[in-house]
Structures are given as C-alpha cells and as structure tokens.
Amino acid sequence: RPLLRYDFAIGREGHPDHGGFHGLCNAVLVSRPNASFARRWLATYSTFGDASAGDKWSGHSVQMPFRLSKLYPSEVHLLPYTAFFWPDWDEQMLKKLL
C-alpha cells in the first residue's frame, strides 16, 4: 500500500556500482489514472521514430522519464533499482543468480 500514496512511481534501472545507472524503466510502474507525469511522458512519444530522437526505445522508455523526473520531481516518486530491477543485466549481477 505505500506506493498508493503517490500519483506516479517508477524504479531506477541500474546502479553506478553494477554496470552503471541507465535511467528509469517502464517495465513496472504505478500510476493513478491521468497522472500528470504519465501524460507528460506519453506526449513525448509524438517524436518516436524520429531519427533525431536517437535510440527509439531507450530514448523514450529509459532516458526520457529520467529527464522528466528532473524537470517535474513533485510529479513522480523514484524507487531504488532494487524495487523492480534487481539483478541488473550486467555480468557481475547476473552471476548472483547462479
């Protein structure tokens, strides 16, 4: 229930000590209907597929929510990478599964 107090919550992807910080990832997120952060993020997809936008998936699904979180910190609650994205996909972290 703790996440229900936020309009929008998303986890960090990656850790500086384990393959680096990658951004925020859309694999798991919690949002109230029509949350302002979700609307802002969705609006950025109007440039999806535009060659000037860089890597389409990573640019819109990982880096964009991170940039928006810096601009609108009151609209999003950031969770540690261990909330949804552990282990990370680097070799050192994947070995922990063995």
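The rules behind these values
Residues numbered from 1 in each chain as written. Predicted model: local features only at pLDDT ≥ 70, side-chain atom pairs only at ≥ 80, totals over all residues. Heavy atoms only, no water. Helix = DSSP H or I, 4+ residues; strand = E, 2+ residues; numbered from the N terminus. Buried < 20%, exposed > 50% of the residue type's maximum accessible area, 1.4 Å probe, protein only. Areas by Shrake-Rupley, 256 points an atom, 1.4 Å probe, with all protein chains shown as cover. Arc of directions from axis to C-beta. Phe/Tyr/Trp six-rings, centres within 6.5 Å; stacked < 30°, edge-to-face > 60°. Lys NZ or Arg CZ within 6 Å of the ring centre and 35° of its normal. Contact = heavy atoms within 4.5 Å. Salt bridge = Lys/Arg side-chain N within 4 Å of Asp/Glu carboxyl O. Patch = residues over 30% accessible without salt bridge, like charges linked within 9 Å, V, L, I, M, F, W, Y side chains within 5 Å.

1. Observations concerning the overall build of the chain
Then, in step 1: Along its length, the chain carries four helices and three strands.
Then, in step 2: Reading the chain from its N end, one meets helices and strands in the order β-β-α-α-β-α-α.
Then, in step 3: Within the chain, the proportion of its 98 residues that are buried is 34%.
Then, in step 4: Accessible area for the chain stands at about 6,200 Å²; split by element, carbon and sulfur atoms hold 57% of it.

2. Re helix 1 (residues 36–44)
Then, in step 1: By the burial criterion, the buried members of helix 1 are F37, W41 and T44. Axial view of helix 1: buried residues confined to an arc of 50 degrees, hence all on one face.

3. Brief notes about the packing of aromatic side chains
Then, in step 1: Across all of its chains, the model carries three aromatic pairs by this definition.
Then, in step 2: Consider the rings of F8 and W41, whose centres lie 6.2 Å apart with planes at 75 degrees: the pair is edge-to-face. Taken together, the residues F8 in strand 1 (residues 8–15) and W41 in helix 1 connect sequence positions 33 residues apart.
Then, in step 3: With a relative accessible area of 2%, F8 lands in the buried category.
Then, in step 4: Above the face of the Y72 ring, R40 is positioned so that its terminal group lies 3.6 Å from the ring centre.

4. So, the environment of H15
Then, in step 1: Mapping H15 onto the fold places it in strand 1.
Then, in step 2: Residue H15 is classed as partly exposed on the basis of its relative accessible area of 23%.
Then, in step 3: Sequence-wise, H15 and Y81 are 66 residues apart; in three dimensions their C-alpha atoms are separated by 6.8 Å.

5. Some remarks on the environment of F84
Then, in step 1: Summarising the element assignment, F84 is placed in helix 3 (residues 81–84).
Then, in step 2: Sequence separation between F84 and E13 is 71 residues, and the spatial gap between their C-alpha atoms is 8.3 Å.
Then, in step 3: Sequence-distant contacts of F84, defined by excluding residues within four places in its chain, comprise L3, G11, V28 and L79.

6. What to know about the pattern of salt bridges
Then, in step 1: Under the criterion given, the structure shown has two salt bridges.
Then, in step 2: Here R32 ties to D7 by a salt bridge, and the two come within 2.9 Å at their closest N and O atoms. Highlighted residues: R32 in the loop between strand 2 (20–31) and helix 1 and D7 in the segment before strand 1, separated in sequence by 25 residues.
Then, in step 3: The closest approach of N and O atoms between E75 and R40, which form a salt bridge, is 2.8 Å. With a gap of 35 residues between them, E75 in the loop between helix 2 (56–71) and strand 3 (77–79) and R40 in helix 1 connect regions that are remote in the sequence.

7. Regarding a nonpolar patch on the surface
Then, in step 1: The grouping of W86, L94 and L97 at the surface amounts to a nonpolar patch, some 310 Å² of accessible area in total.
Then, in step 2: Along the chain, L94 turns up in helix 4 (residues 91–94).

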